[in-house]
Structure formats: structure tokens, C-alpha cells
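# Examination of the molecular architecture
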Amino acid sequence: VSANLIWLQMDSKAYSLRGESVVLLNGRYGLFTSDSVNSGNSYPTLIDLKSLECDHNHAGSIVLNNGAHFVFTGGFAGSSLTGNGITVASTFQGGMKVSGMQIRGNWRYGVYVAGGRGSSLIGNEIGDNSQQGNGLFHGVWLGSDLKEFIAIGNNVGDSVDSGANKQGYGFRINGCSIVTGK
């Protein structure tokens, strides 16, 4: 594992990226967004990835610091050695839509969403996270800067026959406005 390698970094003025069957293994981050120009409208605009696999990355599988309109369909975001499966920072401007993914075996949270607007988790398997210790972290954490979040049909908890689930709560809501789900 390389503690310095970022497999895919999308920075300021990067408009869009679409990909299928993308594999990002054993780096510092699998996918990392940023906005070094920080002009107010310079952040990355669209990422649409199908069958994304981020596995055994050191600091996190998917880290969305800045941007809008991120769509992940199918794949795996897991086994982060010191971080989360998916991190959405409070500085994130838009919506993240994740469906049909396996998000498991991460050192901290499966999904950590501090900000953004109009994000959703639909039909995902989120389990066996908080590998750092029993109950220290949760399957999904939703922060107070997040607006309009939807969760439907997710299996959150112990993965089938693994016995490795150490997550505290399935969902931990910390002040998010407007949460809906089934």
C-alpha cells in the first residue's frame, strides 16, 4: 500500500468524468476531489462511475471534498486501512448518489456525509465497518451541514456470514435536515 498515491484526483475546473469498471487499489485514496482554485464555481462538476472498486486504500476509498453531481452505481468501497469507505466533507456543494454498492470492512465509517444537498443511498450493503473497535464508528454518519438526504433499501449491519461487524449504529444522524427513507 502506498501512503502517498492518489489514484484519481479531480481538482478545480475539471468538468466531468465518466467511467466503467474502474479499479483503484492500494493507494492513499482511490478517488479524491478538491478545489484548489476556490473561486466559488471552480469545483469539479460531475463524476459518474459504474462498477467502481476501491479497495485497501490507506486513508479512504472515496473522498469528496468539493464538487456536485457524483453518481456511483455498483462496485465496492471498502477495507480502507485508516479511513472511511465514502467521505463527503462539509465543503461539498452538491449531491452524491450511491446505489448497488458494497461498502464494508472500513477502519472507521462505511459512509460519512458531513455536507452537500440532495444525496442518496439506495440498495447498498453497508456492513462490517468500524474495524478500529466495537461501536466506535457507524455504518452511515449524517452531519448537520447535509441537506435533503434519502436512504432506501439498504442492508446496514453484519455482512452475510462474516461475523466481523463492529459498527455502532446503522445510521447515526447528527443534525441533518430532511431525512427520508424506507
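Here is a short report on the structure shown in this document. Computed from a predicted model, the values in this text were never measured in an experiment.

The next subject is the packing of aromatic side chains. Summed over all chains, the structure comprises 6 aromatic pairs. Taking the centre distance of 5.5 Å and the plane angle of 55° together, the rings of F70 and F92 count as tilted. Here F92 lies in the loop between β8 (86–88) and β9 (96–104) and F70 lies in strand β7 (residues 70–78), a separation of 22 residues in the sequence. Judged by relative accessible area, which is 0%, F70 ranks as buried. For F92, a relative accessible area of 3% corresponds to the buried category. Taken together through their ring pairs, the aromatic side chains of Y109, Y112, F137 and W141 make up a single cluster.

You can see A89 is positioned in the loop between β8 and β9. Judged by its relative accessible area of 15%, A89 falls in the buried class. Each C-alpha atom, one on A89 and one on Q102, is 21 Å from the other, the two residues being 13 residues apart in sequence. Those residues in contact with A89 that sit more than four places away from it in its chain are L64, N65, A114 and G115.

Let us now look at the pattern of salt bridges. Tallied over the entire structure, the rule returns 4 salt bridges. K50 is the salt-bridge partner of D48, the closest N and O atoms lying 3.4 Å from each other. According to the relative accessible area criterion, D48 is buried, its value standing at 12%. Here R117 ties to E148 by a salt bridge, and the two come within 3.1 Å at their closest N and O atoms. Here E148 lies in strand β12 (residues 140–152) and R117 lies in strand β10 (residues 111–122), a separation of 31 residues in the sequence. Residue classification places R117 among the partly exposed residues on the basis of a relative accessible area of 47%. The class for E148 is partly exposed, based on a relative accessible area of 32%. Shared partners join several salt bridges into a network, and the residues in it are R18, D48 and K50.

Here is what the cut-offs are and how they apply
Residues numbered from 1 in each chain as written. Predicted model: local features only at pLDDT ≥ 70, side-chain atom pairs only at ≥ 80, totals over all residues. Heavy atoms only, no water. Phe/Tyr/Trp six-rings, centres within 6.5 Å; stacked < 30°, edge-to-face > 60°. Helix = DSSP H or I, 4+ residues; strand = E, 2+ residues; numbered from the N terminus. Buried < 20%, exposed > 50% of the residue type's maximum accessible area, 1.4 Å probe, protein only. Contact = heavy atoms within 4.5 Å. Salt bridge = Lys/Arg side-chain N within 4 Å of Asp/Glu carboxyl O.

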